Amino acid sequence: MISLIIGRKGTGKTKILVDCVNDAVKVSNGNVVCVEKETKLTYDVNYRARLVATDTFAVKGYESFYGFLSGICAGDHDITDIFVDATFRIADNREGDCILAFLKLVDNLSEISGTHFTFTLSADEEDLPAEIMEFCQKIN
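Being a predicted model, the structure only gives us computed values, none of them experimental.

Quick look at the nonpolar core now. Formed by 32 residues in total, the largest nonpolar core has its most connected members in V35, L69, I82 and F119. When residues of this core are traced back to their parent elements, those giving at least two are β1 (2–7), β2 (31–36), α2 (62–75), β4 (79–84), α3 (87–91), α4 (96–113) and β5 (116–122). Counting residues in each nonpolar core, the second largest holds twelve residues, with V18, V25, V32 and L41 among its members.

Structural data, given as structure tokens:
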């Protein structure tokens, strides 16, 4: 399952994401991971969540990003939730077709691994391909 937090820059997406991470840590029977572009959320995210900065691992582009997320899932079968902040900044690509293809891959990864994914997207919902909402849930 994939959830999306959608809105323009400055609309509080990261705050919502942090609240979701901290809530997940309280109820998860496994591990919770928070992925961000650079280390900024260290003091906001509960210490029991694994915080990972993609810049540390030179992740850039949707293929690299998908491989990174797949590796996280493959390396720990107890992950229940993965939260991702600044999706477009990590992938360095805002094209609708690219995000759609990426999210379809992640949806499949979610089913295979049993992991729930939540992404923040800095955009208006109207600017995203409508097909995304067929398999993703908006939570804000």
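To continue, consider the side chain of T118. Positionally, T118 belongs in strand β5. Residue T118 is classed as buried on the basis of its relative accessible area, which comes to 1%. Setting aside chain neighbours within four positions, we find T118 in contact with S3, I5, L17, I82, F83, V84 and I139.

On to the pattern of salt bridges, then. Inspection of every chain in the model, using the stated rule, returns eight salt bridges. Linking E38 and K40 is a salt bridge whose minimum nitrogen-to-oxygen distance equals 3.2 Å. On the basis of relative accessible area, E38 is assigned to the partly exposed category, the value being 30%. Note that E38 and R89 form a salt bridge whose closest N and O atoms lie 3.7 Å from each other. With E38 in the loop between β2 and β3 (50–53) and R89 in helix α3, the pair connects residues that are 51 residues apart, well separated along the chain. Given a relative accessible area of 43%, R89 falls into the partly exposed group. Connected via shared salt-bridge partners are E38, K40 and R89.

Parameters and conventions
Residues numbered from 1 in each chain as written. Predicted model: local features only at pLDDT ≥ 70, side-chain atom pairs only at ≥ 80, totals over all residues. Heavy atoms only, no water. Core = buried A, V, L, I, M, F, W, Y, C linked by side-chain atoms within 4.5 Å. Buried < 20%, exposed > 50% of the residue type's maximum accessible area, 1.4 Å probe, protein only. Helix = DSSP H or I, 4+ residues; strand = E, 2+ residues; numbered from the N terminus. Contact = heavy atoms within 4.5 Å. Salt bridge = Lys/Arg side-chain N within 4 Å of Asp/Glu carboxyl O.

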